[in-house]
Amino acid sequence: MDVRRRSSLKQAATKGKTMAEDQYNDQIFNKATDKKVVDTVVPLPMGISNGVFFTVFFSVVYFLLIRWREKIRTSTPLHVVTMSEMAAIVLFVASFIYLLGFFGMSFVQATPYSDDEEEELEVDETEMVRKEDTRATPCGAALDCESDVVVKQVVKKELVFVPTDTTTVTEEDEEIIKSVVSGKTPSYSLETKLGDCKRAAFIRRVALERITGKSLDGLPLEGLDYESILGQCCEMPVGYVQIPVGVAGPMLLNGKEFSVPMATTEGCLVASTNRGFKAIYASGGATAILLKDGMTRAPVVRFGTAKRAADLKFFLEEPLNFDTLASVFNKSSRFGRLQKIQCAIAGKNLYIRFTCSTGDAMGMNMVSKGVQNVLEYLQADFPDMDVIGISGNYCSDKKPAAVNWIEGRGKSVVCEAIIKEDVVKKVLKTNVASLVELNMLKNLTGSAMAGALGGFNAHASNIVSAVYLATGQDPAQNIESSHCITMMEAVNDGKDLHVSVTMPSIEVGTVGGGTQLASQAACLNLLGVKGANRESPGTNARQLAKVVAGSVLAGELSLLSAIAAGQLVNSHMKYNRSQKDLTTKA
């Protein structure tokens, strides 16, 4: 990049940094890349013109907002403008361009957008890598964006703190570390400037230790492919957290055996689930049935009147219009297919819940793009429609919601098994009558007394979280994915136990996000569902959802048996408490 342009951008972003500071910053990175650059740039002055343009900008914005509000109240089309409004728009554009050129150029940067379909088959490398000049940086360019994290300014003397791995700090790295600590170099820009993701993480880590005076010894740095997380999994990394992965099984599900990976720090969880698998296997296995498969997104739009909101509701719910809307929606992806549209009105606000299939991807980006296409299409027939947000929480994502419990979201699965009487006694150490009674009073009645929403189970979220972490799913979606009702009933003249779990909103995918990281991909491979299924798109993700349900079934069966037999406390004291004497290490 031309040094004059880069220095100007730095001066604009920092609003008046001195020329000496900018030249010092450039010299550091020119030294790191063995380049010599000599140039001078005169800082832009702050004069009366800036104040004038600031005043004009905020005045016309205020005027246009007032006019916009009046038009909404009177149901006047927004595209009908008066001469005064046209003049205000011209002044707005002029002042905005001036202020953007003076203050905001460093903020006009491309942000990487990760799309589920691109992750599934063909990742668009041009969206993942930006170029600082005609050279393509190997991994850092995609992260050259603004961040909410502000580097702490160090005013007093540098803290006397020596990191554990200080022997690996080269002279070049030391200069960059000092620049980060002083605030001259933003931490988020290290990947772009260095072109080495691992080196950027190391420098950021050492700088953080010096700024905070706290050691990160014990947080691993080695062993992670930092290029694989760039622009899609984590920003500004300084290491990674280790979570043990255990394996439970074999699970016999729909006639196939699975060894289930579970990432957890809770002792006894894997052992308990494994006991449930043993009981199910000895009784002939479990059966899982997929009931629905559709990811949702629900934007909220506003009109001037409730009548206009109702007009759009009737239009969207008219069967004759569905094919047209589906064709518009489906243009966004070769895998996303619109299934249905539900609407709910709150006054003059309309919530539109789109449901679509998403192949082997979890599908949030895919459905969002389709929704955006439909909203743009509707704007022609409903010009007074004001799109408030692409998500209006009627979806509903990462929150407990009755709409997911009733309508489902992602994969809806029911899984069942019949556990034989002798297995209940020998493996689970209890009896059928005790399990049926406990399930009724705990999972059903007790949860109802607590006002539970989708929580009519013993610990479904325990198993869901462990499998999600191991297979690279979004752990925050454990909230709605753990919606589960556990049922137990005595069958075959009261001798055997019929147990089932019904889970209406399991949100999983086998491509995109964390599924492409090496360790998570290995766990997916263990289950035989790694990546996209080329022959039958969506098959791998659906199979993973069934595995989750089968694992929850085993976990519910084992935990309830432990409670019924009075073994819960003893087993946790045995498997969830370390027997090591740590006093000497302390």
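Definitions and cut-offs
- Residues numbered from 1 in each chain as written.
- Predicted model: local features only at pLDDT ≥ 70, side-chain atom pairs only at ≥ 80, totals over all residues.
- Heavy atoms only, no water.
- UniProt positions renumbered as here; feature names shortened; annotations may be inferred.
- Helix = DSSP H or I, 4+ residues; strand = E, 2+ residues; numbered from the N terminus.
- Expected span 1.5 Å × (residues − 1).
- Buried < 20%, exposed > 50% of the residue type's maximum accessible area, 1.4 Å probe, protein only.
- Axes fitted to C-alpha atoms, helices over the stretch in contact; angles between N-to-C directions.
- Parallel < 35°, antiparallel > 145°, perpendicular 65-115°, else oblique.
- Left-handed = near helix turned anticlockwise from the far one by under 90°.
- Contact = heavy atoms within 4.5 Å.
- Core = buried A, V, L, I, M, F, W, Y, C linked by side-chain atoms within 4.5 Å.
- Disulfide = S-S within 2.5 Å.

Naming follows an unreviewed UniProt entry, where the protein appears as 3-hydroxy-3-methylglutaryl coenzyme A reductase of Lactuca virosa. You can read under Subcellular location (unreviewed entry) in the UniProt record for the protein the words "Endoplasmic reticulum membrane". Under the heading Pathway (unreviewed entry), UniProt records this for the protein: "Metabolic intermediate biosynthesis; (R)-mevalonate biosynthesis; (R)-mevalonate from acetyl-CoA: step 3/3."

Caption draft 1: Helix 3 (residues 48–74), seen in detail. Given a rise of 1.5 Å per residue, 27 residues ought to cover 39 Å, and the 39 Å separating the end C-alpha atoms of helix 3 matches this to within 8%. Taken together, the buried positions of helix 3 are Asn50, Phe57, Val60, Lys71 and Ile72.

Caption draft 2: Fine view of the packing of helix 17 (residues 460–471) against helix 20 (residues 539–564). It is the contact of helix 17 with helix 20, at a shortest axis distance of 9 Å, that shows an interaxial angle of 135 degrees. By the angle between their axes, helix 17 is oblique relative to helix 20. The chirality of how helix 17 crosses helix 20 is right-handed. Across from Ala460, Ile463, Val464, Val467 and Tyr468 in helix 17, the residues of helix 20 making contact are Val548, Ser551, Val552, Gly555 and Glu556.

Caption draft 3: View of the nonpolar core. Of all hydrophobic cores here, the largest spans 53 residues; its most connected members are Val260, Met262, Ile419, Ile506, Val552 and Leu557. Non-local contacts of Ile506, meaning those with residues more than four positions away in its chain, are made with Arg409, Gly410, Lys411, Val413, Tyr468, Ser481, Ala545, Val548 and Ala549. In this structure, Val301, Ile341, Val374 and Leu378 belong to the second largest nonpolar core, which totals 26 residues.

Caption draft 4: Region of the structure containing the state of the cysteines. Considering all chains together, one arrives at zero disulfides under this definition. A disulfide-free cysteine, Cys233 has its sulfur positioned 8.1 Å from the sulfur of Cys234, the nearest such atom. Take Cys233: its relative accessible area is 31%, and that puts it in the partly exposed class.

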